[in-house]
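Commentary on secondary and tertiary structure
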Amino acid sequence: MTSIAASLHRIRDRIATACAAAGRKAEEVTLVAVSKTHPAESVAEALAAGQAVFGENRVQEAAAKFPPLRESHPAMRLHLIGALQTNKARDAVRLADTIESLDRPKLAAALAEAMVREGRRPGLLIQVNIGREPQKAGIDPDAVEDFLALCRDSHGLDVTGLMCIPPAEEDPIPHFRRMAALRARLGLPILSMGMSGDFESAIAEGATHIRVGSAIFGQRPYPAG
């Protein structure tokens, strides 16, 4: 068993334990393996270990890494989880199965146009700035309902859920609870929250998708300099 396969096994065990403690079924939680900055070889190891859903931050990196892998693994799914520029909307629509970072009206319009051009409709999650951090992307929690209506009514977008990244220096649980309440109020099926350090708490509060990177692939190999 490779180190990535062993890490995936440990994460799946932790997911099952967290779900059992929360009175949930493990199948209710989708593990998104965040492979950003890691090479295609690492993704191939994860695929060989049975992982099917991956997350990438940058469109350019995903475009270089995933199309060849799809040829031999057609069931794999790619989530784009990083900030998305409007000029990359068409590439994102072409590549991704789900875009988790829908965070502004201009991007909603660009994605709607790209979907028409590409004839492809990836899933969409609204990124919520749950901690109201000025430096962080996302829709203010109080504005999500109006933004959801804009996406649906003005652009015909099928938004299926919410995503958040709580403030790093704060207890994530209150933020997870507010996200769960918001998702319930809006009647959306998907709630993407929780990462390597806090996914068990996210599961306890109702996450349907968790995004785990370093606990699977190790520390990210940032380029020197």
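As named in an unreviewed UniProt entry, the protein is Pyridoxal phosphate homeostasis protein, taken from Roseomonas marmotae. According to UniProt, the comment filed for the protein under the heading Function (unreviewed entry) is "Pyridoxal 5'-phosphate (PLP)-binding protein, which is involved in PLP homeostasis." Under the heading Sequence similarities (unreviewed entry), UniProt records this for the protein: "Belongs to the pyridoxal phosphate-binding protein YggS/PROSC family."

1. Section: the pairing of strand 5 (residues 123-128)
Summarising burial for strand 5: six of the six residues are buried, a large majority. For strand 4 (residues 98-102) and strand 5, the ladder comprises three bridges, and the chain directions are parallel. From the neighbouring strand, L102 faces strand 5, where its bridge partner is I126. A crossover connection joins strand 4 to the parallel strand 5 through helix 5 (residues 105-118); in handedness this β-α-β unit is right-handed. In this structure, strand 5 lies alongside strand 6 (residues 159-164), joined through five bridges in parallel fashion. Residue pairing for strand 6: Q127 is matched across the bridge by M163. Handedness of the β-α-β unit built from strand 5, helix 6 (residues 144-154) and strand 6 comes out right-handed.

2. Here's the deal with the packing of aromatic side chains
For the coordinates displayed, the defined rule picks out one aromatic pair. Between F54 and F66, the ring centres sit 6.0 Å apart and the planes meet at 55°, which makes this aromatic pair tilted. One end of the pair, F54, is in strand 2 (residues 53-56); the other, F66, is in helix 3 (residues 59-72), and twelve residues separate them in sequence. Using a relative accessible area of 0% as the deciding quantity, one classes F54 as buried. F66 sits in the buried class, given a relative accessible area of 1%.

3. Points about the environment of A181
Of note, A181 is situated in helix 7 (residues 172-186). Take A181: its relative accessible area is 47%, and that puts it in the partly exposed class. Spatially, the C-alpha atom of A181 lies 9.6 Å from that of E205, the residues being 24 residues apart in sequence.

4. Comments concerning the state of the cysteines
A full pass over the atoms with the stated rule returns zero disulfides. Not part of a disulfide, C19 finds its nearest cysteine sulfur in C164, a span of 17 Å.

5. Regarding the packing of helix 2 (residues 40-48) against helix 3
Two numbers describe how helix 2 lies on helix 3: the axes approach to 10 Å, and their chain directions differ by 35°. Read as a crossing pair, helix 2 and helix 3 show a hand that is right-handed. Packed against helix 2, whose contacting residues are A40, V43, A44 and L47, the element helix 3 presents K65, F66 and L69 at the interface. Classifying every residue of the contact of helix 2 with helix 3 by side-chain character gives six nonpolar, no polar and one charged.

6. Some thoughts on the UniProt feature "modified residue: N6-(pyridoxal phosphate)lysine" (unreviewed entry) in the protein
According to UniProt, the feature "modified residue: N6-(pyridoxal phosphate)lysine" (unreviewed entry) maps to K36 in the numbering used here. In this structure, K36 sits in the loop between strand 1 (30-34) and helix 2.

7. Some details on the packing of helix 6 against helix 7
Direction vectors running N to C along helix 6 and helix 7 enclose 45°, while the axes themselves pass 11 Å from each other. The orientation of helix 6 relative to helix 7 falls into the category oblique. For the element pair helix 6 and helix 7, the recorded crossing hand is right-handed. Residues V144, E145 and L148 of helix 6 form the contact with helix 7, whose participating residues are L182, R185 and L186. Residue classes in the contact of helix 6 with helix 7 are distributed as four nonpolar, no polar and two charged.

8. Quick word on helix 5
Taking 1.5 Å per residue, 14 residues should reach 20 Å; helix 5 reaches 20 Å between its end C-alpha atoms and fits that length. Of all the residues in helix 5, the buried ones are L107, A108, A110, L111, A112, A114 and M115. Taken together, the buried residues of helix 5 touch helix 4 (89-95), strand 4, strand 5 and helix 6. G119 occupies a position one or two residues after helix 5 and carries a positive phi of about 65°.

The rules we used
Once a new chain begins, its residue numbering starts again from 1 and follows that chain's sequence as written. The model is predicted, so local features are restricted to residues of pLDDT at least 70 and side-chain atom pairs to those at 80 or more, both for listing and for counting; the totals for chains, interfaces and linings are taken over all residues. Water and hydrogen atoms were dropped before computing side-chain values, which therefore reflect all heavy atoms in the structure. UniProt positions are given in the numbering used here, feature names are shortened, and annotations may be inferred rather than shown by experiment. The rule is simple: take the accessible area with a 1.4 Å probe, protein chains only, and divide by the maximum for that residue type; under 20% is buried, over 50% is exposed, in between is partly exposed. What counts as a helix is a DSSP run of H or I of at least four residues, what counts as a strand is a run of E of at least two, and both are numbered from the N terminus. Should DSSP find at least two bridges between two strands, the strands are regarded as paired. Crossovers are described as right-handed under a simple rule: with the strands pointing away from the observer, the path leading from the first strand over the helix to the second runs clockwise. Only centres within 6.5 Å qualify two rings of Phe, Tyr or Trp (six-membered ring in Trp) as a pair; their planes then separate them into stacked at under 30 degrees, edge-to-face at over 60, and tilted for everything else. In this description, a disulfide is simply a cysteine sulfur pair whose atoms lie within 2.5 Å. A fitted line through C-alpha atoms serves as each axis, taken over the contacting stretch for helices, and the angle formed by two N-to-C directions is quoted from 0 to 180°. Should the near helix be turned counterclockwise from the far one by less than a right angle, the crossing is left-handed, whereas a clockwise turn marks it as right-handed. Any pair of residues with heavy atoms lying within 4.5 Å of one another is described as a contacting pair. For this classification, Asp, Glu, Lys and Arg are treated as charged, while Ala, Val, Leu, Ile, Met, Phe, Trp, Tyr, Cys and Pro are nonpolar and the rest, including Gly, are polar. Angles below 35 degrees are treated as roughly parallel, those above 145 as roughly antiparallel, those between 65 and 115 as roughly perpendicular, and all remaining angles as oblique. Here the expected length of a helix is defined as 1.5 Å per residue gap, with one fewer gap than residues.

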